[in-house]
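Here is what each chain is made of, one letter per residue.
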Amino acid sequence: MTSLSELEPEIVPADAAEQRVRGRSPLQLAWARFRGDKVALAFLVILVLIVVFALMAPLWASWTGHPYAATFPKTGLNASGQPIGPSKDFWLGADQLGRDVLVRASYGARISLLVGVAASALASLVGVVVGVLAGYVGGALDGVLARVMDITLALPYLLIAITLAVTFQVQSVAGSLTMTIAVIAFFSFAATGRIIRGQVMSIKQKEFIEAARSLGASRWRIMFVDVLPNLVAQITVLASLLIPTSIVFESTLSFLGVGVRPPMPSWGAMLGEGSEVFQTAWWLLVVPAVLLLLTTLSFNLLGDAIRDAMDPRADRQSGGK
Amino acid sequence: MTQTGGHDVLVSAEGVFKHFPIRQGIVFKKEIARVHAVDGVDLTVRRGETLGIVGESGCGKSTLARCLAALHPVTRGRILFEGTDITTMSAAALKAFRRDVQMIFQDPYGSLNPRRRVGSIIGDPYAIHGLADGAERKSRVQELMELVGLNPEHYNRFPAEFSGGQRQRIGIARALALKPKLIICDEPVSALDVSIQAQVINLLKDLQDELGLTYVFIAHDLSVVRYVSDRVAVMYLGRVVENAAGNELYGGPRHPYAAALLSAASIADPDEAERAERIVLAGDVPSPIDPPSGCRFHPRCPKARDRCVTDDPELVAREGDAADHLTACHFPVGRGENLAGEHAAIAQVSTEPDLPEATP
């Protein structure tokens, strides 16, 4: 008997803790599902490595003694003036001006990630605001906003981006960076906006919106408190899938010479410069191309994994885990 | 037209019309037709009573409910709540009105925001009207949860963690939060299992006794309406065709449509079910886009005459009825009259394939 009563205080709290059902939020549930996705976790690690690589850019420069814009014609180029390949001094080779490809790729990663995340965030913000307003308010406002989005999607973005770059002749690095982000966001928000608009129109028909109206909630309160939380999953997925698109967009612009201004390196610009001499110096194409591929692939796979984690129904349809 | 008979009237609808336009075109949307969802309804709700509204799907019950709750602007007509016309109210007055009138919805899954916690859903009315904050709101919400039979500890759960009946209780708690005078129940139990239906209905009745609530109770289940209602209005194609005290209506319906509707209700006693005569109506419900002339029911009514095609009957008390027993029919059904054997005196088109067409 004494042994039982001694045991009791140990058993009871454990039991009680088990019986208490914890209300887990949709985000907690999504994280639990996400953790089960091994491929996504692997690419999350790769992405983290790329981010670390980008953050280390000044360290690479000081370790190798090669600032990103400095040319080393004596050590980086061989006797016939050709760039040297991966070696002890230049781990990933040098380009045709004798600059360190490793250091430049690392600075390029900063540009790509910055442009990708910033342009995606800006495009998502604008897209969500426009989509929610068009979808919820409707009427004439919807007519105007929906037409604006249609027109934006129909514009030839490369021609306009080139025209803008030529017209404004932005020479500073910061200026060209801002311009690139703005151009990408301008051509990307409509895709998000259209999807959000459609979602909002279907959410608007739900009875809980009517319930909020009958309680006397204002339009703005309904949009923020009742509509937006139901869009979190879609917004997260759309924004994460917009990052790789934006990175490729930035590379395209820089490849064409209308993106980020030299001498600031960018993967797109490195590809553009390297394509001139790739028969003799393969590393000039391979290094930025592989980095670009890995980064966009990681973001795409992570976006898909987030979608699966946030929408359990889609998971079940595809067979689940 | 409506007779109040000295009762304390809380809400009255006077000639309420609600038409939904059907538009075509991309840029310049042209109205090509309109759905006559509610087409001239007169109705009164007395303080403290339950007014049941019955009718088939598509007869305009839910639209009428939303008009009464000022969720739809009316096309024409007046709705007086405590003597004030809500159809012409200012935004501020409307917000005050929303404190007095609440709705309980049909779908316990659709009427609760799936991304918000129950405590925040039930606390919404306090947040919107700035009545209680923080700890006070939480304690009030937990009181409400207790009142409707929910565990107050489930405050932080999501709607998905509750059953249909529990969710409907959440909806009821939310509707009670502001201590409204009128609650409009739009088919509150039709999405629930029968055993749960009884629980929810009894909860609503108990709350009515406790809090002195007035209900407008919409349903298509006639036995549910009979159980909860003091008075019942029968709707057909956007109109009220008969409006009477519950026992009077169920005892002797005067409108042929009401009689047919009641004869279609299931009867629990098999012996009585054997004796009961089903009134089978000809054809389908006509489209509310182009409702019939005269009496809306004439294309299907077994008692239809020429007059029904041209003359629109008024909703008034008929001979031999109580003053608040209103029927919109030129030839009301008499006591003990057998409608099942009658044939219309006008041409009626049947849409049922096997039946021969009625001859004039």
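Residues numbered from 1 in each chain as written. Chains lettered and ligands numbered in written order. Predicted model: local features only at pLDDT ≥ 70, side-chain atom pairs only at ≥ 80, totals over all residues.

With that settled, consider the overall build of chain B. In terms of helices and strands, chain B carries 11 helices and 12 strands. In chain B, which comprises 360 residues, the share counted as buried stands at 42%. Of all intrachain contacts in chain B linking residues separated by at least 6 positions in sequence, the fraction that spans at least 24 positions is 65%. (Helix = DSSP H or I, 4+ residues; strand = E, 2+ residues; numbered from the N terminus. Buried ≥ 20, exposed ≤ 12 C-beta atoms within 10 Å, placed from the backbone. Contact = placed C-beta atoms within 7 Å.)

Quick look at the sheet that holds strand 3 (residues 50–54) of chain B now. All names here are of chain B. Taken in spatial order, the eight strands of this open sheet run 6-7-8-3-9-10-12-11, and their pairing is mixed. Looking at which strands have only one partner, the edges of the open sheet turn out to be strand 6 (101–104) and strand 11 (316–317). Sheet topology note: the strand 10 (residues 239–245)/strand 12 (residues 326–327) ladder contains two bridges and is antiparallel. Within strand 12, the residue paired with Glu-242 across the bridge is Thr-327. In this fold helix 9 (residues 256–263) packs onto strand 9 (231–236) and strand 10, with an angle of close to 105 degrees to the strand it touches most, strand 9. (Pairing = 2+ DSSP bridges. Axes fitted to C-alpha atoms, helices over the stretch in contact; angles between N-to-C directions.)

In this section: the confidence of the model for chain A. All names here are of chain A. With 88% of its residues at a pLDDT of at least 70, chain A reaches an overall mean of 83. Of all secondary-structure elements in chain A, the lowest mean pLDDT belongs to helix 1 (residues 2–19), at 44, while helix 5 (residues 101–137) reaches the highest, 93. Across residues 1–19, confidence stays below pLDDT 50; counting only partners more than four residues off in sequence or on other chains, it has zero contacts. (pLDDT = per-residue confidence, 0-100.)

What follows is about the confidence of the model for chain B. Residue and element names in this part refer to chain B. Per-residue pLDDT for chain B averages 87, and the proportion of residues at 70 or more is 95%. Low pLDDT, under 50, characterises residues 1–5; the predicted model gives this stretch 12 contacts beyond four residues in sequence or across chains. Taken over the whole predicted complex, pTM reads 0.80, whereas the ipTM for its chain interfaces reads 0.83.

Residues and elements named next belong to chain B. Taken together, the four strands give an open sheet; going across it, the order is 2-1-4-5, and neighbouring strands pair in antiparallel fashion. Since the sheet does not close on itself, it has two edges, and those belong to strand 2 (30–46) and strand 5 (84–85), each with one partner. Note: strand 1 (residues 9–24) against strand 4 (residues 76–81), five bridges, orientation antiparallel. Note that in strand 4 the partner of Ala-13 across the bridge is Ile-79.

So, on to the environment of Ile-209 of chain A. Residue and element names in this part refer to chain A. When you line up the elements, Ile-209 lands in helix 9 (residues 207–215). Through-space distance from the C-alpha of Ile-209 to that of Val-227 is 8.1 Å; in sequence the pair is 18 residues apart. Beyond its immediate sequence surroundings of up to four residues, Ile-209 is in contact with Ile-203, Lys-204, Ile-222 and Asp-226.

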